[in-house]
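Observations on the three-dimensional arrangement
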Amino acid sequence: MKAKYQKGRQSVWQYLRMTSIVNPHAEIIFVDPEGERHHWTRVTERLPTKVESIKPHPHGIELGQLQRMVSESNDLNLNHFLLNNFSGVTNRARKELCQAAELEGTRKMRAIKGDDIRNLLEAFQGERLVNGQPAKLLKPPTNCLSPIAAILIKKGLSKTLASRSITTLTRVPNVTQGNPFQVEVGLIFGGSMAGDKPVEILRFANRVPLMYQQGGCLLTKAIESVDWRQYGLDQAGGKGVPKGPAAILVHLASTNVQFTSEAKEALADNGEVMEEARKAMLEMGRGLRKHLEKKKKMAKTKEKFELINDILPAIAEKSAQLLNRPVPELSGSITKIMSAVISESTTVWNKATKQTDVDIVLFNYTSRARAYTILATWPEKSGATMENNDTGGRKEALGVWAWKLDALQPGERKSITFSLSGLERGDWTETEVLFRGSQDVIGATKMDEKFLQEIRRQEQLFKESEDENTPSEQTLDQAPVASAPPVVEEVAEPAVAPPEGQRTLFGGDV
Amino acid sequence: MSRMHTPEETKAAMHEVVAEMYDRIVKGEPPTMTLPVRTKNNIAFDKKLGVYKYGKKQSIRDATSLGSAKQLLRALHVVEFIEEMLDAGKSSTLREMYYISEGWGMGKFGSQNDSNNLAEDLEIVTKCLREDFKLRPEEDGARMIGNLTLRERNRRGEWMRINARDDVGDSGYGVPYNVELEKIELLEHDIDFIMAIETGGMFDRLIENGFDEDYRCGLLHLKGQPARSTRRIMKRMSEEWDLPVVVFLDGDPWSFRIFASIAYGAIKTAHISEYLATPSATYLGITADDIVAYDLPSDDLSKKDIEALNAELSDPRFADSWWQDQINMMLELDKKAEQQSLAKYGLDFVTETYLPEKLAELGLA
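Residues numbered from 1 in each chain as written. Chains lettered and ligands numbered in written order. Predicted model: local features only at pLDDT ≥ 70, side-chain atom pairs only at ≥ 80, totals over all residues.

1. Concerning the overall build of chain A
We count it as follows: What counts as a helix is a DSSP run of H or I of at least four residues, what counts as a strand is a run of E of at least two, and both are numbered from the N terminus. We call two residues in contact when the distance between their C-beta atoms, placed using the backbone, is within 7 Å.
A count of helices and strands for chain A gives 12 helices and 18 strands. When contacts within chain A are restricted to residue pairs at least 6 apart in sequence, those whose partners lie at least 24 apart make up 74%.

2. Thoughts on the overall build of chain B
Just so we agree on the cut-off: For the exposure call, what matters is how many other C-beta atoms sit within 10 Å of a residue's own: 20 or more marks it buried, 12 or fewer exposed, and in between partly exposed, using C-beta atoms placed from the backbone.
Secondary structure assignment for chain B yields 13 helices and 17 strands. Counting only residues that meet the buried cut, chain B has 41% of its 365 residues in that class. Considering only contacts within chain B whose residues lie at least 6 apart along the sequence, 71% involve residues at least 24 apart.

3. Focus on the interface of chain A and chain B
Going by this rule: Residues are grouped as follows: nonpolar covers Ala, Val, Leu, Ile, Met, Phe, Trp, Tyr, Cys and Pro; charged covers Asp, Glu, Lys and Arg; every other residue, Gly included, is treated as polar.
At the junction of the two partners, chain A supplies 21 residues and chain B supplies 23 residues. Broken down by element, the side of chain A that touches chain B gets its largest block of residues, 14 residues, from helix α8 (residues 271-323) of chain A. Grouping the constituent residues of the side of chain A that touches chain B by class yields 12 nonpolar, three polar and six charged.

4. As for the sheet that holds strand β14 (residues 245-248) of chain B
The pairing of strands in a sheet happens through backbone hydrogen bonds and is either parallel or antiparallel. All names here are of chain B. Note the cut-off: DSSP-based pairing: two strands are paired if at least 2 bridges between them are found.
If you trace the six strands from one edge of the open sheet to the other, you get β10-β7-β13-β12-β14-β15, paired in mixed fashion. Single-partner strands in this sheet number two, and they are β10 (173-174) and β15 (282-285). Two elements, β14 and β15, share three bridges in a ladder whose sense is parallel. Its bridge partner being in β15, valine 247 is matched across the sheet by tyrosine 283.

5. Considering unusual backbone geometry
That bond from glycine 285 of chain B to isoleucine 286 of chain B is cis: its omega, 5°, falls within 30 degrees of zero. Here isoleucine 286 of chain B is to be found in the loop between β15 and α10 (288-293). Notably, lysine 264 of chain A is not glycine yet its phi reads approximately 55°, a positive angle. A positive phi angle is found at asparagine 388 of chain A, which is not glycine, with a value near 50°. Along the chain, asparagine 388 of chain A turns up in the loop between β12 (385-387) and β13 (394-397).

6. Brief notes about the nonpolar core
What counts, and what does not: Structurally, a nonpolar core is described as a collection of buried Ala, Val, Leu, Ile, Met, Phe, Trp, Tyr and Cys residues joined by way of C-beta atoms within 7 Å. Domain start and end points were adopted from an automatic or database domain assignment.
Of all hydrophobic cores here, the largest spans 65 residues; its most connected members are Ala196, Ile197, Leu219, Leu220 and Val247 of chain B. Among the elements that make up this core, the one with the highest residue count is helix α8 (residues 253-263) of chain B (six residues). Built from parts of two domains, this core gets at least three residues from each of domain 1 (7-136) and domain 2 (143-362) of chain B. Core analysis: the second largest hydrophobic core is formed by 60 residues, Ile311, Leu408 and Phe418 of chain A together with Cys128 of chain B among them.

7. Digging into the sheet that holds β13 of chain A
Residues and elements named next belong to chain A. Strand order across the open sheet formed by five strands is β13-β14-β11-β16-β18, with mixed pairing between neighbours. The open sheet has two free edges, formed respectively by β13 and β18 (445-446), since each of these has just one partner strand. Sheet topology places strand β11 (residues 373-377) next to strand β16 (residues 433-436); four bridges connect them, and they run antiparallel. Of the residues in β16, the one forming a bridge with isoleucine 374 is phenylalanine 435.

8. Quick look at helix α5 (residues 114-124) of chain A
Residues and elements named next belong to chain A. What counts is decided by this rule: Directions are taken from the helix axis to each C-beta atom, and the arc is the one they span.
Among all positions in α5, only Leu120, Ala123 and Phe124 are buried. Viewed end-on, α5 has its buried residues packed into an arc of 105°, placing them on one side of the element. Of the exposed residues in α5, those oriented more than 90 degrees away from the buried face are Gly114 and Asp115. Looking at the packing, one finds that the buried side of α5 touches α2 (63-71) and α4 (91-101).

9. As for the confidence of the model for chain A
What counts here: You can read pLDDT as the predictor saying how much it trusts each residue, on a scale of 0 to 100.
Of the residues in chain A, 89% reach a pLDDT of 70 or more, and the chain-wide mean stands at 83. Contacts of residues 470-510 of chain A to residues separated by more than four positions or lying in other chains number 83 contacts, the stretch itself having pLDDT below 50.

10. A word on the pairing of β13 of chain A
Residue and element names in this part refer to chain A. Both β13 and strand β14 (residues 400-404) contribute to a ladder of three bridges, which runs antiparallel. Counterpart to lysine 395 in the pairing with β14 is tryptophan 401. Between the end of β13 and the start of β14, which pair antiparallel, lie two residues, with glycine 399 showing a positive phi angle near 80°.

11. Here's the deal with the confidence of the model for chain B
In this model, chain B carries a mean pLDDT of 89, and residues with pLDDT of at least 70 account for 98%. The ipTM, which scores confidence in the relative placement of chains, is 0.74 for this predicted complex, and the corresponding pTM is 0.64.

12. Here we look at helix α4 (residues 112-126) of chain B
Residue and element names in this part refer to chain B. The cut-off we apply is this: Given a helix with a known number of residues, its expected span is that number minus one, times 1.5 Å.
Taking 1.5 Å of rise per residue, the 15 residues of α4 would be expected to cover 21 Å, and the 21 Å separating its terminal C-alpha atoms lies within 8% of that figure. By the burial criterion, the buried members of α4 are Ser115, Asn116, Ala119, Asp121, Leu122, Glu123 and Thr126. On its buried face, α4 sits against α1 (7-26), β1 (32-36), α2 (66-88), α3 (94-100) and β6 (135-136). After α4 finishes, the residue lysine 127 shows a positive phi value of roughly 60°.

13. Structural notes on the packing of helix α1 (residues 12-22) of chain A against helix α6 (residues 150-160) of chain A
The packing of two helices is summarised by the inter-axis angle and the distance between the axes. Residues and elements named next belong to chain A. Keep this limit in mind: Every axis corresponds to a line fitted to the C-alpha atoms, with the helix fit spanning only the stretch in contact, and the corresponding angles, defined between N-to-C directions, vary from 0 to 180 degrees.
Put simply, α1 and α6 touch, their axes get as near as 7 Å, and they point 145° apart. Residues Arg17, Ser20, Ile21 and Val22 of α1 lie in contact with α6, whose contacting residues are Gly156, Leu157 and Thr160. Here the residues of the contact of α1 with α6 sort into three nonpolar, three polar and one charged.

14. Digging into the packing of α1 of chain B against α2 of chain B
All names here are of chain B. The cut-off we apply is this: In this scheme, roughly parallel covers angles under 35 degrees and roughly antiparallel covers those over 145, while 65 to 115 is roughly perpendicular and the rest are oblique. By convention, the crossing between two helices is left-handed when the near helix turns anticlockwise from the far helix through less than a right angle, and right-handed when the turn is clockwise.
Where α1 meets α2, the closest approach of the two axes is 11 Å, and the angle between their N-to-C directions is 160°. Compared by their axis directions, α1 and α2 come out roughly antiparallel. Pair α1 / α2 crosses with left-handed handedness. Residues Pro7, Thr10, Lys11, Met14, Val17, Val18 and Met21 of α1 form the contact with α2, whose own contacting residues are Leu72, Ala75, Leu76, Val79, Ile82, Glu83 and Leu86. Here the residues of the contact of α1 with α2 sort into 11 nonpolar, one polar and two charged.

15. So, the environment of tyrosine 173 of chain B
All names here are of chain B. Mapped onto the fold, tyrosine 173 is located in strand β10. Residue classification places tyrosine 173 among the buried positions, given that 23 C-beta atoms sit within 10 Å. Expressed as a C-alpha distance, the spacing of tyrosine 173 and isoleucine 145, which sit 28 residues apart in the sequence, is 6.4 Å. Residues contacting tyrosine 173, with those up to four places away along its chain left out, are Arg143, Met144, Ile162, Ala164 and Val168.

16. Comments concerning the environment of methionine 195 of chain B
Residues and elements named next belong to chain B. Counting through the fold element by element, methionine 195 comes out in strand β12 (residues 193-197). Its 24 C-beta neighbours within 10 Å are what place methionine 195 among the buried residues. Along the backbone, methionine 195 and proline 244 are 49 residues apart, and their C-alpha atoms lie at a distance of 8.6 Å.

17. Focus on the environment of tryptophan 254 of chain B
Residue and element names in this part refer to chain B. Here tryptophan 254 shows up in helix α8. Exposure remark for tryptophan 254: the 16 C-beta atoms within 10 Å place this residue in the partly exposed category. With 51 residues separating them in the primary sequence, tryptophan 254 and aspartate 305 have C-alpha atoms 8.0 Å apart.

Next comes the structure, spelled out in structure tokens:
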């Protein structure tokens, strides 16, 4: 076979580049036919979490597959067949499935023929009812999925694309037609990327780069369905691929990725997956907008500091010199010019201690004393620990720490410092500073209790999704027993409706 | 008539600006610079002087934003620079000052426009002139041709007698940037009026056709928006020789503005309108009715033209009914025409038909 080596968007190089983004634990070296060596380095020591294999869920079974499973079965009878070969089938569900299919559970497998199989499939799919309702099945477990995790997407993106800002998030797993799936997204903004071209779209299915048929792919459609203008990107008419110095990554992890064709080039339409991907985009868009607003505010604050630290002293000095008078004292003018309380924070990786050092400074440039509670976000969920926090304070919520400060006198500055250990370089690069108090603080966000509620809800979801992965398969080992575990009673219906919230930034490492 | 200040007076006036900043800092307030608002909303007709001057509206530039603070610092550097020039007996151009500001660190200018504006600010606040500051403009003075005689002191300090018809080449007499008494004296003339012309093409056409001799006039090329020295020498000739001034421009909103700055005073230089404006000047053409009356080739008004015309409708300098009619008529026609469009009827049409007809209306031909 003869082939021509190509470069560009659809090339070996691009495939490897994309692969390295979603596999930050991999070291990839590629020597191209022209002898040029391309090197994508490993940026994390963390390996992807090991996944558990799961059995198919009745909602995702097709006729041919069921026929094969029945004919190849060594199970004693239908009861055993249902309990041993499917996920989400509890003892109670087994009973209901048999009733709906009008089949005896004790029926031997070889006695189950064509029409029986069809009936069983209809029961699986909720077309045959028990007491007017479909059989109640558990959701399939989701520890079979291998999300990359938001924090690692961030690392993968930042190594291949030079940029200023990255937002990533991993949604809570969901189910469509009995198949667990999970959407992860990342948005990288700014830096040297072209501002007048459509954003680069990086699509992945189960960590495999999708390079063709971009326009026909569900993941692209999810991006196109969002009005990006409200989040700071250009987009003609609020539709289509947005323009701007950005790249958007979308990853679908699923036990059954549905493609548009055999070539596996693009994802087929699916309402639930679309909804999840779209929600992820909206959430990420809000992150981008927040970042842009913050950047604007910071630029303004920086200007004010330049004004009082450089320009004002120069004015005082020069005017005194021209008039041949002593250089005047500046503090009064400074207070009048700033007339605000200002917070500045830095988050830097400390090479020597292998810790992330956070420094929050508060200046009172007003003529009155001010009292505040200062709060800061930190990656508690990612397993970081807080050290050298000499100011003390207390935990406010998962990943939010609070310090109640004594009154800050006019002209006074106070500093809060702490270090984070248990993180790698680049894991945590920006600390959000919030405050409670009556007077505005430039450089910090006023704590609104909605934000706190959101954090608490995510905390709850985070715990739930950990519990959820204590898999329901355990019931298999218990064989047909009389009473079902209480968990089953609580689950009303296989939840196809996506859950309300999702885990952001640090919810990935389940 | 001398309006110059001594170096000591100039320094004292500048020190008042510096002291305003200094005193505010001592009081614990942000430093400030107070100057008149320089827009059409703050110019008013001064009956005594017969020109438009700045009104009472003041704007305070205070150092609460980075931009204004830098502007104050620049002003201090400019004051220092001018003091040094006064002490050393030197002068420089605005452009040179812009480049010298490279060494002023945080006080350096962002653009040439910045430095020009700041020099004007200082003029206005101190009531000094840029000649007092030893700052020369970069802009080109006008060209003049006609039977008028003046003397100019040359670089060696000697007075030279120049007749702007007999002692000059085809390009005429070049007006220097300083046209004050110590540099130029108006001696004698044998003309009936002065005609100011917007474009070089038309100026040269009139010379080639011998218009200045046939109609006993002095021709002055404005080069677009006229420089200060151009306006100043027109003013002096009009006053000292008691000659009428007629202004011949394109027929568009920008020409209207040029005329307003000649006759009533420009908004940017309203602090010295009484030195620069010639209130007796008359707008000869091209008027909006000329476009119709002479069926001149014309262009559609652009969006910017329409905006400019609308702005002129609310400009106090165009408040009289003749101007309101002209502006409204141009808006209705939606057309503008260049001086050169008269060439539609041949090269001599302008000197043989158009100008004689227009001048006859004014009783000048």
